[in-house]
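Here are the chains, one letter per residue:
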Amino acid sequence: MPDARGRDRGAPGGPIRTAQRQCALCTFPDKAQAAAEFARVLKPGGRLGITDVTADTACLPPELRGLTARIADARQLDEYAEILAAARLRTFTTERHAEAMLRMIDQIHARLSLLRITAPDRLTDAGVDLDAAPAVLDAARAAVTDGVLRYALLTAVKSPGQSGDLPPGT
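Residues numbered from 1 in each chain as written. Predicted model: local features only at pLDDT ≥ 70, side-chain atom pairs only at ≥ 80, totals over all residues. Heavy atoms only, no water.

Caption draft 1: How the structure looks around helix H4 (residues 98-118). The end-to-end C-alpha separation of H4 is 30 Å, in line with the 30 Å expected for 21 residues at 1.5 Å each. Here H4 has its buried residues at Ala100, Met101, Ile105 and Leu112. For H4, the buried positions fall inside an angular range of 140 degrees around the axis, keeping them on one side. Turned more than 90 degrees off the buried face of H4, the exposed positions are Leu114, Ile117 and Thr118. (Helix = DSSP H or I, 4+ residues; strand = E, 2+ residues; numbered from the N terminus. Expected span 1.5 Å × (residues − 1). Buried < 20%, exposed > 50% of the residue type's maximum accessible area, 1.4 Å probe, protein only. Arc of directions from axis to C-beta.)

Printed below as a string of structure tokens:
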């Protein structure tokens, strides 16, 4: 399975039937390599489930551009499906979950509000700009509402006719 950089971590005991990753492809610098690793460790007919941030990065508001790898390098849903297809993983389900992204924004806002009261020095030490945070969260909420920033589920299958790849690092 790919590690946080999309590199081979191996699969204990040989090819696996299922794999799942949360916020996976948006954080891997080499998305094609990560997808190839998913395919390599899956058995023929094996399934992959990914939840991830999707974005139309050309339309992101300035407050969100370059903010984090999750947003700045996120792709549109169809592009993720193309990356998986190039690795011989056929996407058979996609679901958009804007409400999950909005809940996440609300949770971040609530946590920052609590930490502003209880531990402002820790936020400052961590590099959190408490003055900029509300504008960033507002921009994120608007981007989700406008369909520019989303959260999605993709499920894919490795073709049953493909051999189980495994080796490198196994």
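Caption draft 2: A look at the nonpolar core. Counting residues in each nonpolar core, the largest one holds 44 residues, and the members touching the most others are Leu64, Leu84 and Leu149. Looking at this core, the elements with two or more residues in it are helix H1 (31-41), strand S2 (42-55), helix H3 (77-86), H4, helix H6 (133-145) and strand S4 (149-158). If one sorts the elements of this core by residue count, H6 sits on top with 7 residues. Not counting chain neighbours up to four residues away, the residues in contact with Leu84 comprise Leu25, Ala35, Leu48, Ile50, Leu89, Thr91, Leu154 and Ala156. (Core = buried A, V, L, I, M, F, W, Y, C linked by side-chain atoms within 4.5 Å. Contact = heavy atoms within 4.5 Å.)

Caption draft 3: Broad picture of the packing of H4 against H6. Packing of H4 against H6 leaves a shortest axis separation of 10 Å and a crossing angle of 170 degrees. In terms of orientation, H4 lies roughly antiparallel with respect to H6. Where H4 abuts H6, its residues Ala98, Met101, Leu102, Ile105, Asp106, Ile108, His109, Leu112 and Arg116 lie against Ala133, Pro134, Leu137, Ala140, Arg141 and Val144. For the contact of H4 with H6, the per-class residue count stands at 11 nonpolar, 1 polar and 3 charged. (Axes fitted to C-alpha atoms, helices over the stretch in contact; angles between N-to-C directions. Parallel < 35°, antiparallel > 145°, perpendicular 65-115°, else oblique. Nonpolar A, V, L, I, M, F, W, Y, C, P; charged D, E, K, R; others polar.)

Caption draft 4: Local environment of the sheet that holds strand S3 (residues 89-96). Ordered by their spatial adjacency, 4 strands build an open sheet running S1-S2-S4-S3, and the pairing between neighbours is mixed. The sheet terminates laterally at strand S1 (16-22) and S3, the two strands that pair on one side only. For this sheet, the mean angle separating the axes of adjacent strands, direction not counted, is 15 degrees. Across 7 bridges, the pairing between S3 and S4 is antiparallel. From the neighbouring strand, Glu95 faces S4, where its bridge partner is Leu153. (Pairing = 2+ DSSP bridges.)

What is shown is where atoms sit, not what they do.
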